[in-house]
Amino acid sequence: MAALEYFTVECVEEKGREVYEQIASDVLLDLDLLRVVEKLYIFIDPRVPVFVAVGTTRRSGGLVRIRDFADVIVEEGRATLSIGDETYLAPMLSLLWGRYGKEYVDQPDRFSVIVHLPEGEDPREIEEIVVADPEEGLYRDLIYALQIVAPEGFKVRRQYHVGGVFYYVASENTLSEEIVDTLVAEKLKLIGVTL
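Residues numbered from 1 in each chain as written. Predicted model: local features only at pLDDT ≥ 70, side-chain atom pairs only at ≥ 80, totals over all residues. Heavy atoms only, no water.

- The chain is annotated in an unreviewed UniProt entry as Methanogenesis marker 17 protein of Methanofollis tationis.

A look at the sheet that holds strand 7 (residues 105–109)
- Spatial strand order, 5-6-8-7: four strands in an open sheet with antiparallel pairing. Each of the sheet's edge strands pairs with one partner strand only, and the pair in question is strand 5 (70–75) and strand 7. Taking each pair of neighbouring strands and ignoring which way they run, the sheet shows an average axis angle of 20°.
- As defined by bridge partners, strand 5 adjoins strand 6 (residues 78–83) across six bridges and the pair is classed as antiparallel. Note that in strand 6 the partner of E75 across the bridge is R78. (Pairing = 2+ DSSP bridges. Helix = DSSP H or I, 4+ residues; strand = E, 2+ residues; numbered from the N terminus. Axes fitted to C-alpha atoms, helices over the stretch in contact; angles between N-to-C directions.)

Some thoughts on the nonpolar core
- Counting residues in hydrophobic clusters, the biggest one holds 27 residues, and the most contacted among them are L33, V37, L40, I42, F51 and Y168.
- Sorting the residues of this core by element identifies strand 1 (6–11), helix 1 (14–30), strand 2 (37–45), strand 3 (50–57), helix 3 (134–149) and strand 11 (165–171) as the ones contributing at least two each.
- At six residues, the largest contribution of residues to this core is made by helix 3.
- Sequence-distant contacts of L40, defined by excluding residues within four places in its chain, comprise L4, Y6, F7, T8, L28, A53, V54, G55 and F166.
- Formed by 20 residues, the second largest nonpolar core is a distinct cluster that contains F69, V72, M92 and L117. (Core = buried A, V, L, I, M, F, W, Y, C linked by side-chain atoms within 4.5 Å. Buried < 20%, exposed > 50% of the residue type's maximum accessible area, 1.4 Å probe, protein only. Contact = heavy atoms within 4.5 Å.)

Considering helix 2 (residues 89–100)
- End to end, helix 2 covers 16 Å across 12 residues, agreeing with the expected 16 Å (1.5 Å per residue, within 8%).
- On its buried face, helix 2 sits against strand 6, strand 7, strand 8 (112–116) and strand 9 (130–132).
- Backbone geometry just downstream of helix 2 places G101 in the positive-phi region, at approximately 95°. (Expected span 1.5 Å × (residues − 1).)

Some remarks on a nonpolar patch on the surface
- Side chains of L31, Y144 and I148 sit close together on the surface and give an oily, nonpolar patch of about 260 Å² of accessible area.
- Among the residues examined, Y144 registers a relative accessible area of 46% and is labelled partly exposed. (Patch = residues over 30% accessible without salt bridge, like charges linked within 9 Å, V, L, I, M, F, W, Y side chains within 5 Å. Areas by Shrake-Rupley, 256 points an atom, 1.4 Å probe, with all protein chains shown as cover. Salt bridge = Lys/Arg side-chain N within 4 Å of Asp/Glu carboxyl O.)

Some remarks on the packing of helix 1 against helix 3
- For the pair helix 1 and helix 3, the least separation of the axes is 9 Å and the interaxial angle reads 150°. In terms of orientation, helix 1 and helix 3 fall into the roughly antiparallel class. Crossing of helix 1 against helix 3: the hand is right-handed. Taken together, the residues of helix 3 that come into contact with helix 1 (itself represented by Y20, I23, A24 and V27) are A145, I148 and V149. (Parallel < 35°, antiparallel > 145°, perpendicular 65-115°, else oblique. Left-handed = near helix turned anticlockwise from the far one by under 90°.)

Notes on the sheet that holds strand 3
- The five strands are arranged 1-2-3-11-10 in an open sheet whose pairing can be described as mixed. The open sheet terminates on both sides in strands that have one partner only, identified here as strand 1 and strand 10 (156–162). Each strand axis lies, on average, 5° off the axis of its neighbour in the sheet, ignoring direction.
- Of the pairings in the sheet, the one linking strand 2 to strand 3 comprises eight bridges and is antiparallel in character. If you follow L40 over to strand 3, its bridge partner there is G55.
- Set on the sheet, helix 3 makes contact with strand 2, strand 3, strand 10 and strand 11; between it and strand 10 the angle comes to about 150°.
- Across the sheet, helix 4 (residues 177–190) touches strand 1, strand 2, strand 3, strand 10 and strand 11, and the angle it forms with strand 3 is around 45°.

Side note on the domain arrangement of the chain
- Structurally, the chain comprises domain 1 (6–60 + 134–191) and domain 2 (64–132).
- Relative to domain 2, the C-alpha centre of domain 1 lies at a distance of 40 Å. (Domains from an automatic or database assignment.)

Observations concerning the packing of aromatic side chains
- Inspection of every chain in the model, using the stated rule, returns three aromatic pairs.
- An angle of 45° between the planes, with centres 5.5 Å apart, marks the rings of F69 and Y88 as tilted. In this pair, F69 sits in the loop between strand 4 (64–65) and strand 5 while Y88 sits in the loop between strand 6 and helix 2, placing the two residues 19 residues apart along the sequence.
- Residue F69 is classed as buried on the basis of its relative accessible area of 6%.
- Between Y160 and Y167, the ring centres sit 5.2 Å apart and the planes meet at 15°, which makes this aromatic pair stacked.
- Look at Y167 and you get buried, because its relative accessible area is 11%.
- Looking at K102, its charged tip hangs above the ring of W97, at a distance of 4.7 Å from the centre. (Phe/Tyr/Trp six-rings, centres within 6.5 Å; stacked < 30°, edge-to-face > 60°. Lys NZ or Arg CZ within 6 Å of the ring centre and 35° of its normal.)

Now the structure itself:
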């Protein structure tokens, strides 16, 4: 498991800094996020009150396409998918049903799916259908982790994750866009990142 390249907690109170550093470490470890979070900078000021977390993530893998877990055998008017890994079977079926209709997708057994193709459809396009994006799950897990780390009453929040850069800002009070943008820019600059 890779360690964080950069991890800092800044707080106006030293004891608070120590406590939040331990909480953040425990949560990242418990949710197995140490392998994907590269840099993390947390700032807490209970006087404002505000909690800011900024950082970067490592690439967690590419898009998962049907060809990554199934062999596609093309026959006249249909494509037979031989499933090698059932992990993505349910989302794949949902996508195929949405694209072709349930009446054109058969599943004779748990390792086979037959798609009856409309006329003129290129059967090789099935191989390229994206079934999952690991980045979506990463973002959801990351936001969940930061919600756990943030102080209990900080329910007003703003979050962002694009291209491996994220931020999470939380407060008891509404914060103006200008304040959030300034805080985020300052903290991202500390870890060598700009938006």
